[in-house]
Amino acid sequence: MNNSHIVNKMQIIEIPMFNLKLEISKIAFRIFGIDIYWYALIIVFSIVSALLYCKKINGRYKIKFDTILDICIWTIPIGFVCARLYYVIFNLSYFMQNPILIFDIRDGGLAIYGGIIGGIITIVFYCNKHKINLLDLLDYISPSVAFAQSIGRWGNFINVEAYGTETNLPWKMCIIENGIQKCVHPAFLYESICTLIIFILLSKLQKNRKFKGEILYLYLILYVFVRFWIEGIRIDSLMLYNLRISQILSMAIFILFLGIFTYAVIKNHIMSKKIKK
């Protein structure tokens, strides 16, 4: 885990497969002496892109885009807070010694599971208050969440974080760490590609949803399957003793929602047969 203060220095990343050598600064530009970081810009771009997709499917499942904008006012800040809180909790000993860094997210340190959990809890309360069908809403936004994740992972590339163990595979990414070059799995890229595929798949299935919750369940099943695999090669996983927190959570979510999805498919099949009779 790299929680050091950010300095404005160029980072060198090499992609031997394409004979590329990139010098990247975490700072995109300055406005009135304030540093604007690529990480923040990429996160904002991912959110805007997800919203544009939601606008494109306005009215699906009787969910209006205005409702999504209203929800975002609550879910985005709460999601960010929960993503950071999740990260801090599982690195508590470090942040107890450096409490001021709890509020410094310029160098990353946002746990996606924390954001998803916080976002879903907020949405549950919102739907309950405004009498909106929860599964309809979650089916509506699930593809856009995968889309945002696919884009957002490139913030990890800029920060040179969320990479994997050392490898000699042709698509390896070479970085300089503590003055030593090492070639690693571009784990951020694996997740970016996988979540993009999930987005494409879900966006197509979304048009012919067979039952409420289908898109949500598939998103969770597919994403946690991918995440379980990727966490196995990452070197910066959040740990509980010798166990990887994200892998434990992924396995639990996978088993739970695979069961729920299977039950829903069987129930829908039985109902369809009754209707045909």
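Just above sits the structure.
In this text, all values refer to a predicted model and were calculated from it rather than measured experimentally.

### Examining the overall build of the protein chain
Moving on, step 1. Looking only at helices and strands, one finds nine helices and eight strands in the protein chain.
Moving on, step 2. Scaling as 2.2 N^0.38, a compact globule of 277 residues should have a C-alpha radius of gyration of about 19 Å, and the protein chain matches this with 20 Å.
Moving on, step 3. Out of the 277 residues in the protein chain, the part that is buried amounts to 46%.
Moving on, step 4. Counted over contacts in the protein chain with a minimum sequence separation of 6, partners at least 24 positions apart contribute 66%.
Moving on, step 5. Carbon and sulfur atoms make up 68% of the accessible area of the protein chain, which amounts to about 15,700 Å² in all.

### Focus on the pairing of strand 4 (residues 34–37)
Moving on, step 1. Note that strand 3 (residues 27–31) and strand 4 share four bridges and pair antiparallel. Across the sheet, I31 pairs through a bridge with I34, a residue of strand 4.

### Quick notes on the sheet that holds strand 6 (residues 180–184)
Moving on, step 1. Taken together, four strands build an open sheet; the order of strands is 2-1-5-6 and the sheet is antiparallel. Among the strands making up the open sheet, the edge pair consists of strand 2 (20–25) and strand 6. Across the sheet, the axes of successive neighbouring strands diverge by a mean angle of 30°, strand direction being ignored.

### So, the side chain of Q206
Moving on, step 1. With respect to the element layout, Q206 can be found in the loop between helix 7 (187–205) and helix 8 (214–231).
Moving on, step 2. Among the residues examined, Q206 registers a relative accessible area of 1% and is labelled buried.
Moving on, step 3. When neighbours within four sequence positions are excluded, Q206 is seen to be in contact with Y53, I57, R60, Y61, D139, Y140, P143 and I215.

### Describing helix 4 (residues 112–130)
Moving on, step 1. Between its terminal C-alpha atoms helix 4 stretches 26 Å, which fits the 27 Å expected from 19 residues at 1.5 Å a residue.
Moving on, step 2. Of all the positions in helix 4, only Y113, G114, G115, I116, G118, G119, T122, I123, Y126 and C127 are classed as buried.
Moving on, step 3. Where the residues of helix 4 are buried, they touch helix 2 (65–89), helix 5 (134–152), helix 8 and helix 9 (245–276).
Moving on, step 4. Count one or two residues on from helix 4 and you reach K131, which has phi positive near 55°.

What counts and how
- Residues numbered from 1 in each chain as written.
- Predicted model: local features only at pLDDT ≥ 70, side-chain atom pairs only at ≥ 80, totals over all residues.
- Heavy atoms only, no water.
- Helix = DSSP H or I, 4+ residues; strand = E, 2+ residues; numbered from the N terminus.
- Rg over C-alpha atoms; globule rule 2.2 N^0.38 Å.
- Buried < 20%, exposed > 50% of the residue type's maximum accessible area, 1.4 Å probe, protein only.
- Contact = heavy atoms within 4.5 Å.
- Areas by Shrake-Rupley, 256 points an atom, 1.4 Å probe, with all protein chains shown as cover.
- Pairing = 2+ DSSP bridges.
- Axes fitted to C-alpha atoms, helices over the stretch in contact; angles between N-to-C directions.
- Expected span 1.5 Å × (residues − 1).

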